[in-house]
Amino acid sequence: MSFPPSKDAADQNQDGPLAQTGRLLKSLIQQPAVVASIAPSSRFVLQKLAAIASDPQLRRVIELGPGTGGTTRSLLRELPLTAGLLAVEMVEEFVQHLRRIDDPRLIVHHGSATHLRSILEQYQWPDVDLVVSGIPFSTLAEADAHELIQVIHHVLRPGGQLLGYQVRDHISRYAQPYFGPPVTELELRNLPPLRIYRWKKPKTGNADEQ
Ligand SMILES: C[S@@+](CC[C@H](N)C(=O)[O-])C[C@H]1O[C@@H](n2cnc3c(N)ncnc32)[C@H](O)[C@@H]1O
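Residues numbered from 1 in each chain as written. Predicted model: local features only at pLDDT ≥ 70, side-chain atom pairs only at ≥ 80, totals over all residues.

**Looking at the sheet that holds strand S6 (residues 183-187)**
In a beta sheet, neighbouring strands are held together by backbone hydrogen bonds and run either parallel or antiparallel to one another. Read from one edge of the open sheet, seven strands run S3-S2-S1-S4-S5-S7-S6, paired in mixed fashion. Looking at which strands have only one partner, the edges of the open sheet turn out to be strand S3 (106-110) and S6. Here the strands of the sheet are splayed against their neighbours by 15° on average, with no regard to which way each runs. Pairing of S6 with strand S7 (residues 194-200) involves five bridges; the strand directions are antiparallel. The residue of S7 that forms the bridge with Val183 is Arg198. Sheet strands in contact with helix H3 (residues 43-52) are strand S4 (128-133), strand S5 (156-166), S6 and S7, and its direction is about 180° off that of S5. (Pairing = 2+ DSSP bridges. Helix = DSSP H or I, 4+ residues; strand = E, 2+ residues; numbered from the N terminus. Axes fitted to C-alpha atoms, helices over the stretch in contact; angles between N-to-C directions. Contact = placed C-beta atoms within 7 Å.)

Given below as structure tokens:
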């Protein structure tokens, strides 16, 4: 990254909620188990995700399942100007749209989060400070879900955080053996209502430290 981006860059090329919902619904019909959502996350969810991204210490952040980019833009609005955001998305149409976000902090990777280990090797990211995930853990194969959580736990630096916004609680069940119990918040102002799970990787190796 050679120059600091403007925080307004995150707002460029943004289409409205209706266009985003249309794009999401079209992909939902084609790939229901992958997209698993009838509407983009509400502004109430976006605000909660963005709040965690305003930490000035953040250097490398991963977003899994950015979709139509509402979550990506709200993370970029808050992330430090020197941070990097690696967004991993499986649906090609979403990827093309995400690549129109003009922000040098953003890397859009077309592929599955289940290959996270090799994706991080490709970008030479040895560790990360924050992982934000909207991918539906409920539809992942069990072995893939276990491996993904294991990789996330491994690459998070001590004190780093995993945040999952999910309708179902599968992520929590997969993550608890590695991270311990989450801090959980119910957000009713979303279609459908969802939970935001948050874990902090202990600095000391003690899973109870949140
Ligand atoms: C519930 S939507 C969230 C979209 C957007 N972040 C939002 O909150 O409005 C889940 C997103 O995860 C993506 N996804 C599902 N499985 C994935 C996987 N294994 N790897 C990468 N992306 C995946 C879907 O294509 C979809 O964009």
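**Let's talk about the confidence of the model for the chain**
Note: predicted coordinates in regions of low pLDDT should not be interpreted at a detailed level. Here the chain averages 90 in pLDDT, while 90% of its residues score no lower than 70. When the criterion is pLDDT under 50, residues 1-9 qualifies, and its contacts beyond four places in sequence or with other chains add up to twelve contacts. (pLDDT = per-residue confidence, 0-100.)

**Observations concerning the packing of helix H7 (residues 142-155) against helix H8 (residues 170-179)**
At a minimum axis separation of 10 Å, H7 and H8 run at an interaxial angle of 50°. Between H7 and H8, the interaxial angle falls into the category oblique. Our pair here, H7 against H8, has a crossing hand that is right-handed. Of the residues in H8, those touching H7 at Ala145, His146, Ile149, Gln150 and His153 are His170, Tyr174, Ala175, Tyr178 and Phe179. Grouping the constituent residues of the contact of H7 with H8 by class yields six nonpolar, four polar and no charged. (Parallel < 35°, antiparallel > 145°, perpendicular 65-115°, else oblique. Left-handed = near helix turned anticlockwise from the far one by under 90°. Nonpolar A, V, L, I, M, F, W, Y, C, P; charged D, E, K, R; others polar.)

**Here's the deal with the nonpolar core**
Residues Val61, Leu75, Leu79, Leu85, Val131 and Leu162 are the most contacted members of the largest nonpolar core, which totals 51 residues. For this core, the element with the most residues is H7, which contributes five residues. With sequence-adjacent residues up to four places away left out, Leu162 is seen in contact with Val131, Ile152, Leu156, Ala175, Phe179 and Trp199. (Core = buried A, V, L, I, M, F, W, Y, C linked by C-beta atoms within 7 Å. Buried ≥ 20, exposed ≤ 12 C-beta atoms within 10 Å, placed from the backbone.)

**Focus: the site of the ligand**
Around the ligand, the structure places 23 residues, and the nearest of them are Ser37, Ser41, Gly65, Gly67 and Ala113. Mapped onto the shell around the ligand, the elements with two or more residues apiece are helix H2 (32-35), helix H4 (70-78) and strand S2 (84-89). (Near = placed C-beta within 6 Å.)

**Some remarks on the environment of Ser112**
Inspection of the secondary structure puts Ser112 in the loop between S3 and helix H6 (116-122). The exposure class of Ser112 is partly exposed, given the 17 C-beta atoms found within 10 Å. Taking the C-alpha atoms as reference points, Ser112 and Gly84, separated by 28 residues in sequence, lie 19 Å from one another.

**Considerations on the packing of H3 against H4**
The interhelical angle for the contact between H3 and H4, taken along N-to-C directions, is 40°, at an axis separation of 8 Å. The orientation of H3 with respect to H4, classified from their angle, is oblique. Crossing hand, H3 versus H4: right-handed. Every residue of H4 that contacts H3 at Leu46, Leu49 and Ala50 is listed here: Gly70, Thr71, Ser74, Leu75, Arg77 and Glu78. Each residue belonging to the contact of H3 with H4 can be placed in one class, and the counts come to four nonpolar, three polar and two charged.

**Side note on H7**
Between its first and last C-alpha, H7 extends 20 Å over 14 residues, near the 20 Å set by a 1.5 Å rise per residue. Of the residues making up H7, those classed as buried are Ala145, Leu148, Ile149, Ile152 and Val155. The buried residues of H7 all sit within an arc of 140° when viewed along its axis, so they share a single face. In H7, the exposed residues that point more than 90 degrees away from the buried face are Glu142 and Ala143. Where H7 is buried, its residues meet H6, S4, S5 and H8. (Expected span 1.5 Å × (residues − 1). Arc of directions from axis to C-beta.)

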